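Below are the chains, spelled out letter by letter.
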Amino acid sequence: MSKSKNHTNHNQNKKAHRNGIKKPRQMKYPSLKGVDAKFLRNQRHARKGTEKALALKYAKKDETK
């Protein structure tokens, strides 16, 4: 009795490229899971300050009209 085939990659490449090998979709806002905690805390405060500054800027803009 002959030995059976253990492995072959025949035709797999053609099958894979038939519909094209696509890159995974990138999310608009990637997860911040696993990011440095100190950085995240600072980012949170910075975002809050930016929101406050923008609100003040637009309040002044409306005042002048």
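J.: Help me understand the overall build of the chain in this model?
T.: In terms of helices and strands, the chain carries two helices and zero strands. Computed over C-alpha atoms, the radius of gyration of the chain comes to 28 Å, more than 25% over the 11 Å expected from 2.2 N^0.38 for 65 residues, which places it beyond the range of a compact globule. Counting only C-alpha atoms and orienting by the principal axes, one finds that the chain spans roughly 90 × 35 × 10 Å. A total of 65 residues make up the chain; the buried ones form 0% of that total. Total accessible area on the chain stands at roughly 7,500 Å², and carbon and sulfur atoms take up 54% of it. Positive and negative side-chain charges of the chain, numbering 20 and 4 respectively, have mean locations separated by a distance of 24 Å.

J.: How should I be thinking about unusual backbone geometry in this particular structure?
T.: Trans peptide bonds make up most of the peptide bonds, and negative phi angles are found at most residues other than glycine. At Asn 11, a position not held by glycine, the phi torsion is positive, near 75 degrees. Looking at the secondary structure, you find Asn 11 in the segment before α1 (12–18). With a relative accessible area of 38%, Asn 11 lands in the partly exposed category.

J.: Explanation requested: a nonpolar patch on the surface in the structure shown.
T.: On the surface, Leu 32, Val 35 and Phe 39 cluster together into a nonpolar patch covering about 240 Å² of accessible area. Along the chain, Phe 39 turns up in helix α2 (residues 37–64). Of the residues examined, Phe 39 reaches a relative accessible area of 43% and is grouped as partly exposed.

Conventions we followed
Residues numbered from 1 in each chain as written. Predicted model: local features only at pLDDT ≥ 70, side-chain atom pairs only at ≥ 80, totals over all residues. Heavy atoms only, no water. Helix = DSSP H or I, 4+ residues; strand = E, 2+ residues; numbered from the N terminus. Rg over C-alpha atoms; globule rule 2.2 N^0.38 Å. Buried < 20%, exposed > 50% of the residue type's maximum accessible area, 1.4 Å probe, protein only. Areas by Shrake-Rupley, 256 points an atom, 1.4 Å probe, with all protein chains shown as cover. Lys, Arg positive; Asp, Glu negative; His and termini not counted. Charge placed at Lys NZ, Arg CZ, Asp CG, Glu CD. Patch = residues over 30% accessible without salt bridge, like charges linked within 9 Å, V, L, I, M, F, W, Y side chains within 5 Å. Salt bridge = Lys/Arg side-chain N within 4 Å of Asp/Glu carboxyl O.

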